[in-house]
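Understanding the architecture of this molecule
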Amino acid sequence: MTAVQTRSLTKHFRDVAAIDGVDLDLDEGRVHGLLGRNGAGKTTLMKLLTGQVFATSGQMRVLGEAPVENASVLARTCFIQESQKYPDGFRPRDVLRIAEGLYPAWDRELARELIGEFRLPEKRPIAKLSRGQLSAVGIILGLASRAPVTFFDEPYLGLDAVARRLFFDRLLADFAEHPRTVILSTHHIDEVSNLLEHVVLLDGGRVVIDAEAEELQAAAIEVSGRAEEVREFVGDADLLHLQEIGALATAAVHADRGRAERARAAGLQVAPVSLQNYIVHRTNTAVEQTAAIS
Amino acid sequence: MRYRSVIDMHVVNRMQAFGWPPVVGALSLLLVLAIGAIVGSQGPDARAGMYEGMTWNGAIFAVLGPMIGYGFTSMGQYFPLALGLGLTRREFATGVSLVFLGNAAVYSAVITFGKIIEVATGGFGLQIRFFDVFYTGTGPAWQTLVQTFLLILGVLFLGAAITAAYLRFGQPFLWIAGAVLSMLAVAILAGIVLLDGFGRGLLELLTMSWGPWMAVIAVIGAASAGIWLLLVRRTQTR
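Residues numbered from 1 in each chain as written. Chains lettered and ligands numbered in written order. Predicted model: local features only at pLDDT ≥ 70, side-chain atom pairs only at ≥ 80, totals over all residues.

1. Here we look at the overall build of chain A
Basically, it comes down to this: Labels follow the DSSP assignment, with helices taken as runs of H or I lasting at least four residues and strands as runs of E lasting at least two, numbered in each case from the N terminus. Radius of gyration: over C-alpha atoms. The globule rule applied is 2.2 Å multiplied by the number of residues raised to the 0.38 power. Neighbour counting defines burial: a residue surrounded by 20 or more other C-beta atoms within 10 Å of its own C-beta is buried, one with 12 or fewer is exposed, and intermediate counts give partly exposed, using backbone-placed C-beta atoms. Two residues qualify as being in contact provided that their C-beta atoms, derived from the backbone, are within 7 Å of each other.
The helix and strand inventory of chain A stands at 11 helices and 13 strands. A compact globule built from 294 residues would reach a C-alpha radius of gyration of about 19 Å, and chain A, at 21 Å, matches this within 12%. Overall, the C-alpha framework of chain A stretches about 65 × 40 × 35 Å when taken along its three principal axes. Looking at the 294 residues of chain A, the share that counts as buried comes to 42%. Taking the intrachain contacts of chain A between residues at least 6 apart in sequence as the baseline, contacts between residues at least 24 apart amount to 68%.

2. Description of the overall build of chain B
A tally of helices and strands in chain B yields 10 helices and 0 strands. Traced from its N-terminal end to its C-terminal end, chain B shows the element sequence α-α-α-α-α-α-α-α-α-α. Referenced to the eigenvectors of the C-alpha coordinate spread, the extents of chain B come out at roughly 65 × 50 × 25 Å. Within chain B, contacts between residues separated by at least 24 positions form 83% of all contacts whose residues are at least 6 apart in sequence.

3. Regarding the pairing of strand 12 (residues 248-254) of chain A
If a strand is regular, its side chains alternate between the two faces of the sheet. All names here are of chain A. For clarity, the cut-off: Paired strands, as defined in this entry, are two strands with at least two bridges between them according to DSSP.
Relative to strand 12, strand 10 (residues 220-226) runs antiparallel, the two being bridged by 7 bridges. Across the sheet, residue arginine 226 finds its bridge partner in strand 12, namely leucine 248. As judged from the 6 bridges shared by strand 11 (residues 239-245) and strand 12, these two strands associate in the antiparallel manner. Looking across to strand 12, one finds that glutamine 243 is bridged to threonine 250. Counted between consecutive antiparallel strands, the loop separating strand 11 from strand 12 contains 2 residues, among which glycine 246 sits at a positive phi close to 60 degrees.

4. Points about the interface of chain A and chain B
Facing the 24 residues of chain A at the interface are 21 residues of chain B. If you list the elements that add at least two residues to the side of chain A that touches chain B, you get helix 2 (71-74), strand 5 (77-81) and helix 3 (92-100) of chain A.

5. Observations regarding helix 2 (residues 14-40) of chain B
Residues and elements named next belong to chain B. The cut-off we apply is this: For a helix, the expected span equals 1.5 Å multiplied by the number of residues minus one. Think of it this way: the bend at a residue is just the angle between two axes, each fitted to seven residues, one set ending at that residue and the other starting at it.
With 27 residues, helix 2 should cover 39 Å at 1.5 Å per step; its first-to-last C-alpha distance of 38 Å lies within 8% of that length. Of all the bends in helix 2, the largest measures some 40 degrees and sits at tryptophan 20, one to four residues before the proline proline 21. Listed as buried for helix 2 are Pro21, Gly25, Leu29, Val32 and Gly36. In this structure, the buried side of helix 2 is in contact with helix 3 (44-53), helix 4 (61-84) and helix 6 (123-127).

6. Digging into helix 4 of chain B
Side chains of residues three or four places apart in an α-helix project in the same direction, reflecting 3.6 residues per turn. All names here are of chain B. Compared with the 34 Å implied by 1.5 Å per residue over 24 residues, the 34 Å span of helix 4 between its first and last C-alpha is a close match. A bend of about 40 degrees at tyrosine 78 is the largest found in helix 4, and the proline proline 80 appears one to four places after it. Following helix 4 by one or two positions, glycine 86 adopts a phi angle in the positive range, close to 85 degrees.

7. A word on the UniProt feature "domain: ABC transporter" (unreviewed entry) in chain A
Convention followed: UniProt positions are given in the numbering used here, feature names are shortened, and annotations may be inferred rather than shown by experiment.
Mapped onto this structure's residue numbering, the UniProt feature "domain: ABC transporter" (unreviewed entry) falls at residues 4-229 of chain A. Structurally, residues 4-229 of chain A comprises 33% helix and 31% strand, and the distance from its first C-alpha atom to its last is 46 Å.

8. Describing the environment of Arg146(A)
Within the secondary structure, Arg146(A) sits in the loop between helix 5 (131-145) and strand 6 (149-153). The residues contacting Arg146(A), other than those within four sequence positions of it, are Tyr103(A), Ala105(A), Trp106(A), Asp107(A), His178(A) and Arg180(A).

9. A word on the pairing of strand 7 (residues 181-185) of chain A
All names here are of chain A. Judged by how many residues are buried, strand 7 sits mostly within the fold: 5 of 5 residues are covered. Residues Thr181, Ile183 and Ser185 point to one face of strand 7 and Val182 and Leu184 to the other, with burial holding for every one of them. Pairing of strand 3 (residues 31-36) with strand 7, which is carried by 4 bridges, proceeds in the parallel orientation. For leucine 34, the partnering residue across the bridge sits in strand 7 and is serine 185.

10. A few points about the nonpolar core
Short version of the rule: We define the nonpolar core as any set of buried residues of the types Ala, Val, Leu, Ile, Met, Phe, Trp, Tyr and Cys, connected via C-beta atoms lying within 7 Å of each other. Residue ranges for the domains originate in an automatic or database domain assignment.
Among the nonpolar cores identified, the biggest contains 132 residues, and Ile140(A), Ala82(B), Ile152(B), Leu156(B) and Phe157(B) are the most heavily contacted of them. For this core, the leading source of residues is helix 7 (residues 141-169) of chain B, giving 15 residues. When residues are assigned to domains, this core turns out to be shared by domain 1 (2-215) and domain 2 (217-293) of chain A, each giving three or more. Contact partners of Leu156(B), with chain neighbours within four places excluded, come to Met67(B), Tyr70(B), Gly71(B), Phe100(B), Asn103(B) and Ala104(B).

11. Looking at the domain arrangement of chain A
Residues and elements named next belong to chain A. The domain boundaries assigned to chain A delineate domain 1 (2-215) and domain 2 (217-293). Taking only C-alpha atoms, the centre of domain 1 and the centre of domain 2 are 33 Å apart. Each partner contributes residues to the interface: domain 1 has 13 residues there, and domain 2 has 11 residues. The set of elements that each furnish at least two residues to the side of domain 1 that touches domain 2 consists of helix 7 (189-192), strand 8 (198-203), strand 9 (206-212) and helix 8 (213-217). Among the elements that take part in the side of domain 1 that touches domain 2, helix 8 stands out by supplying 3 residues, more than any other.

12. A short note on the environment of Gly267(A)
The topology assignment puts Gly267(A) in the loop between helix 10 (259-265) and strand 13 (269-272). Setting aside chain neighbours within four positions, we find Gly267(A) in contact with Gly225(A) and Glu229(A).

13. Some points on unusual backbone geometry
One non-glycine residue, Ser8(A), lies in positive phi territory at about 50 degrees. Of note in this structure, Arg146(A) is not a glycine but carries a positive phi near 50 degrees.

14. Considering the sheet that holds strand 12 of chain A
Adjacent strands of a sheet pair through backbone hydrogen bonds, lying either parallel or antiparallel. All names here are of chain A. The criterion, for reference: Only the contacting stretch of a helix is used when fitting its axis, a line to C-alpha atoms as for every element, and angles between N-to-C directions run 0 to 180 degrees.
The strand order 11-12-10-13 describes an open sheet built from 4 strands, whose pairing is antiparallel. Looking at strand neighbours, the two that pair on one side only are strand 11 and strand 13, the edges of this open sheet. Pairs of neighbouring strands in the sheet enclose a mean axial angle of 20 degrees, with direction left out of account. Here helix 9 (residues 227-234) sits on the sheet and contacts strand 10, strand 11 and strand 12; the angle it forms with strand 10, its principal contact strand, is near 140 degrees.

15. Overview of the sheet that holds strand 1 (residues 2-13) of chain A
Residues and elements named next belong to chain A. The sheet built from 3 strands is open, its strands ordered 2-1-4 with antiparallel pairing. Strands at the two margins of the open sheet, each flanked by one partner only, are strand 2 (16-27) and strand 4 (57-62). With direction set aside, neighbouring strand axes in the sheet form an average angle of 15 degrees. Alignment of strand 1 against strand 4, held across 5 bridges, turns out to be antiparallel. From the neighbouring strand, threonine 10 faces strand 4, where its bridge partner is serine 57. Taken strand by strand, helix 1 (residues 42-49) contacts strand 1, strand 2 and strand 4, and its axis lies near 65 degrees from that of strand 2.

Spelled out as structure tokens, the structure:
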């Protein structure tokens, strides 16, 4: 079943199209990565899907219903945004207590465990928390809510590597035990690449990639060797990226059938392209194409 | 029943919700009592003059004042959190309306009770006025109850409506509202200076009887509530 569906979804802020005709189908019970550069439209898309902002045009459905002003949908949707504002004087324990009353599947025990693991000072005013501690509040809320659809928008800004690992491990463990739909926006693509099952890449408010993560991880190869040989090998291939340093060159190309074998036969070194590098290459390609059109 | 969470949000800061208004109100009353004791020691004439002059004593705003800010805070601080936690705008509006009604009911009852005691004890034995003043009504106690209830409720909805308009329209709203109010002030001033009878008419209008004044406050409050409800349905988070 589809957890999130959008058709020609568009959001304009004055003359800027933050979301531009987006068509998406995100299956239920999976971890989806919503990737893209700053300003690509990730946060706006999440805000649209949780009814925080209104669409300029198009349709959207979350858990089969329109989400705007729909208490039945919003009670099953949790949106953790990095820019969430909290009232003066609020402490983490206040936010978690109020959240407990709003999410029917709230797991108090899990919340308590996570507070300890993230070393969150729950009685300290939120205004006095560090950026990382503030992120921990959102992560605890998002995980403990056990909402059937959970949006994490850059959930770990300011978190150290240990805490980030803790988040990924906890998310994976909890997801395995209580499957639900997770939509995760992040810039740390390699850190979550093993977590993602499906990837949506946004650029300029448009969907550039909508594919299975596994498919993308095998979508390109990196060949390196003498610049002349690399250029000759690349030839008319679908080139993603070419970098030359002196007499050496490295190229990222789409991994068509047999291309890796042909590269090895030509005496070139072959390496897989990480999901993060693939996304970077594809984003740059999209930018170049847009520049060429305009 | 999810609107209960909105009420919960408003009472998270217990000192702000329940503590400071009575503390500040009590300190303000103590100050007025001290003034009453000092002036009263100068003799009956001074005491009578003070009693008359204190009809305009604004010390009660130590209690009413925070209410003005409460409307702004509800919309400015609690609205983004409410939406962030998955509440609908309708649920938020229901919760906030109940918070406003509760505040207006409690504070108007407290002020009326204070006025009854103040009147019965001759200004707490010192001929002072704290609760029995122009702003809360110097008529019968029921009038004070109605007046303070309408005043507090109107001010709360007005604050929420102003903040909602700011969230909806941004900085231009403040500039346009400021310009309109300035032009209105200039127009009234010009009318007083340039038009015969305008000033007298304005004074008559401002000194109209209690009933019409309550109608004016009620209309302002109802209009503010209506505008706020209209705006909050279309307000987006930033």
